[in-house]
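Coordinates in review
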Amino acid sequence: MLSGSVIMLSSLTLLPGLPSRTAFCLAALAVQTLGFILLARSNIKVRKKPDA
Amino acid sequence: MPEFVPLFFCLLIPFAIIGLGLINAGLNRTRSAAHSMLGSMCAASAAVLAFAIIGSSLAAPHGHIIQLAGKQFAWLGAGPLFSRNPENAVVLLFELLSVALAVQIPLASGAERWRLSALCVSATSFAALQFPMVAFWIWSGFLSQLGTNYGLGRGFIDAGGAGAIQVVGGINALVIAWLLGPRHGKFTSQGIPTAMPGHNAVIVVAGSLLALLGWIGLAAAGAILFYHCDFPAVLAAIINTLIAASSGALGALVTTRIKFGKSDTSLTANGWVCALVAVSAGAPFLKIPEAIIVGLAAGIIVVFAVELVEARLRVDDPAGAISVHTIGGMWGLLAVGMFAETSSGQFLAQLVGIGCILGIELPIAYAINSAINHFQPYRVDKTGERQGLDLYELGAGAYPEFMTHREDFLRR
């Protein structure tokens, strides 16, 4: 999730135009979403038990 | 505008704190109702003191600045400790009340199993570090300067604290719920969530209605203090707040009616609060039809978000705080980018703001709370949870004269 923020701020600083900045920021949000999904999965404390 | 005007609106914010306290208590079971209200008071007290001593320094308007590719990047405030000689005492008051409000949000997700001493320590760390950092970015730091530094609209807009208060508080609520784990009996052995209804729907609705006053104060005071809005814009903020809340409540009412066959009281109250959260981001900058859309969408979204958090993420969030504050806040911030009339790039500014809050605040909140949990365990033991936090931690129940406690956990 942190790397998503780094990509976002880097794209703002290094890229010139609005379309390219928007594209990179959306990619950064996708990275953050992936990080969130991984974090959420690791925190699921109720595991489904198989039916007997 | 005279200085007493933002001061007057700041004095309305405590109604939001009382409102959230009542909602949290009402959505608890009777066995932990007094603990919930006392937790609200203690968390607010700890947060106010921590912010006054340390946090206000990190949120001070003049910050540490680094240069990135020729652009100024203000990343943290740099004021004196103990709030000495605050340049603008009304801003300090606004932030003190905001942090007291923000710490109410994690209390909702940690209800019925979060120890009183641990929640005070968590609120202290939140007010000393996490809230001031994000509040500085949004109201004085690099996010507010996205317009001047990078040509993105007016920079990140968050007049009433949808990001600084609600999303940050909601992220902490999620972290607390993860660390505490679900209440005993909340999920079956198959992982299916069971209903654990709150004990008093009346105070839930009363708290929601009371919160309206607080959110009017947040939206109006924030508009004056941070965006220097004139009187018509402040009036628009107040009207939009009321209209969005009404749309949110009706949206949730109809959605629950269609989805479940009957309207649901707590979800409708959640729709009202979620709309308040969403519209607070850009209340002074929206037109009435846009406020209706923001509120209505918030009321509909919250019904599905509560189900998603519970059934998919398997997070036990008794009052729906994660959905109401995090998802509602993010929707409101995005809506500003979609509707507010500014120069181009406003939507990107809002995206960058949301990305920075989520991407930096969530790992920090997780790390800090995990460390505290290691030394000061958050979760009460099994006896305390079974007995109820009122008897276990306070020695007396909220309703001692007519309430009998019995073992009502079913083996699942």
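This write-up is about the structure you can find in this document. Everything quoted here is computed from the prediction, not taken from an experiment.

**So, the packing of helix α12 (residues 288–312) of chain B against helix α13 (residues 321–339) of chain B**
Residue and element names in this part refer to chain B. Packing of α12 against α13 leaves a shortest axis separation of 9 Å and a crossing angle of 145°. Regarding α12 and α13, the two cross each other, and that crossing is right-handed. Side by side, α12 and α13 meet where E290, I293, V294, A297, A298, I301, V302, A305, V306 and V309 of the first sit next to I322, S323, V324, I327, W331, A335 and F339 of the second. Residue composition of the contact of α12 with α13, grouped by class: 15 nonpolar, one polar and one charged.

**Concerning the pattern of salt bridges**
Opposite charge on two side chains makes pairing possible when the charged atoms of those side chains draw close. Residue and element names in this part refer to chain B. Counted under the stated rule, the structure contains seven salt bridges over all chains. Note that D316 and R183 form a salt bridge whose closest N and O atoms lie 2.8 Å from each other. In this pair, D316 is assigned in the loop between α12 and α13 and R183 in the loop between α8 (162–180) and α9 (201–227), connecting sequence segments 133 residues apart. Exposure remark for D316: the relative accessible area of 2% places this residue in the buried category. When the shortest N-O distance is used, the salt bridge between K287 and E341 registers 2.4 Å.

**Description of unusual backbone geometry**
Phi is mostly negative for residues that are not glycine, and the peptide bonds are mostly trans. Residues and elements named next belong to chain B. Notably, E112 is not glycine yet its phi reads approximately 70°, a positive angle. Relative to the elements of secondary structure, E112 occurs in the loop between α5 (104–109) and α6 (116–139). If you check the backbone angles, R314 has positive phi at about 50° while not being a glycine. Its place among the elements puts R314 in the loop between α12 and α13. The buried category is assigned to R314, whose relative accessible area is 16%.

**Some thoughts on the side chain of S32 of chain B**
The topology assignment puts S32 of chain B in the loop between α2 (14–27) and α3 (33–58). Leaving out residues up to four positions away in the same chain, S32 of chain B has contacts with E112, G388, L389 and D390 of chain B.

**Points about the nonpolar core**
Note that soluble globular proteins tend to have their nonpolar side chains buried in a common cluster. Residue and element names in this part refer to chain B. Counting residues in hydrophobic clusters, the biggest one holds 148 residues, and the most contacted among them are F94, W139, L143, L146, W215 and V352. If you tally residues by element for this core, the top one is α6, at 15 residues. Leave out the neighbours within four places in its chain, and W139 touches F94, E95, F131, S144, D158, A159, G161, A164, I165, F226 and Y227.

**Regarding the interface of chain A and chain B**
Between chain A and chain B, the contact holds 25 residues from the first and 34 residues from the second. Across the interface of chain A and chain B, roughly 2600 Å² is buried in total on both sides, 73% from carbon and sulfur atoms. Applying the counting rule to chain A against chain B returns four residue pairs in polar contact (both at pLDDT 80 or more). Going through the elements one at a time, α1 (2–14) and α2 (18–42) of chain A are the ones with two or more residues in the side of chain A that touches chain B. With ten residues, the top contributor of residues to the side of chain A that touches chain B is α2 of chain A. When grouped by side-chain class, the residues that make up the side of chain A that touches chain B number 14 nonpolar, five polar and six charged.

**Comments concerning the environment of A396 of chain B**
All names here are of chain B. If you trace the backbone, A396 turns up in the segment after α16 (389–394). A relative accessible area of 42% means that A396 is categorised as partly exposed. Along the sequence, A396 and H35 sit 361 residues apart, while their C-alpha atoms lie 9.6 Å from each other.

**A short note on a nonpolar patch on the surface**
Residues and elements named next belong to chain B. Nonpolar side chains collect at one region of the surface, where M1, F231, L235, I239, I288, I292, L296, I300 and F304 lie side by side and expose about 800 Å² of accessible area between them. Secondary structure elements with two or more residues in the nonpolar patch: α10 (231–260) and α12. In terms of residue count, the dominant contributor to the nonpolar patch is α12 (five residues). Looking at the element boundaries, L235 is found in helix α10.

Basis of the calculations
All residue numbers refer to position in the chain's written sequence, counted from 1. Starting at A for chains and at 1 for ligands, labels are handed out in the order in which the entities are written. Restriction of local features to residues with pLDDT of at least 70 applies here, the model being predicted, together with a cutoff of 80 or more for giving and counting side-chain atom pairs; totals for whole chains, interfaces and linings are based on all residues. Side-chain descriptors were evaluated using all non-hydrogen atoms of the structure, hydrogens and water having been removed beforehand. Think of each axis as a best-fit line through the C-alpha atoms, taken over the contacting stretch in the case of a helix, with angles from 0 to 180 degrees between the N-to-C directions. Under the DSSP-based scheme used, a helix requires at least four consecutive residues in state H or I and a strand at least two consecutive residues in state E, with every element numbered from the N terminus. Here is the rule for handedness: rotate from the far helix to the near one, and if that takes an anticlockwise turn smaller than a right angle the crossing is left-handed, while a clockwise turn gives right-handed. Note on contacts: a residue pair is in contact if any heavy atoms of the two residues lie within 4.5 Å. Side-chain classes follow a simple rule in which Ala, Val, Leu, Ile, Met, Phe, Trp, Tyr, Cys and Pro form the nonpolar group, Asp, Glu, Lys and Arg form the charged group, and the remainder, Gly included, forms the polar group. Criterion for a salt bridge: a side-chain nitrogen of Lys or Arg within 4 Å of a carboxyl oxygen of Asp or Glu. Buried, partly exposed and exposed residues are distinguished by accessible area as a fraction of the type maximum, computed with a 1.4 Å probe on protein chains only: under 20%, between the cut-offs, and over 50%, respectively. Nonpolar core, defined: a set of buried Ala, Val, Leu, Ile, Met, Phe, Trp, Tyr and Cys residues in which side-chain atoms within 4.5 Å join the residues together. Values labelled buried area give the accessible surface lost by two parts on being combined, using a 1.4 Å probe and summing over both. The term polar contact refers here to a pair of N or O atoms within 3.5 Å; inside protein, the definition further demands a hydrogen-donor-capable atom paired with an acceptor-capable atom, and it admits residues adjacent in sequence only when both atoms are side-chain atoms. Like charges are joined within 9 Å and nonpolar side chains (Val, Leu, Ile, Met, Phe, Trp, Tyr) within 5 Å, but only among residues with over 30% relative accessible area and no salt bridge; these make up the patches. With residues, only the protein chains shown are counted as cover, and all accessible areas are computed by Shrake-Rupley using a 1.4 Å probe.

The quantities given are spatial measurements derived from coordinates; they are silent on function.
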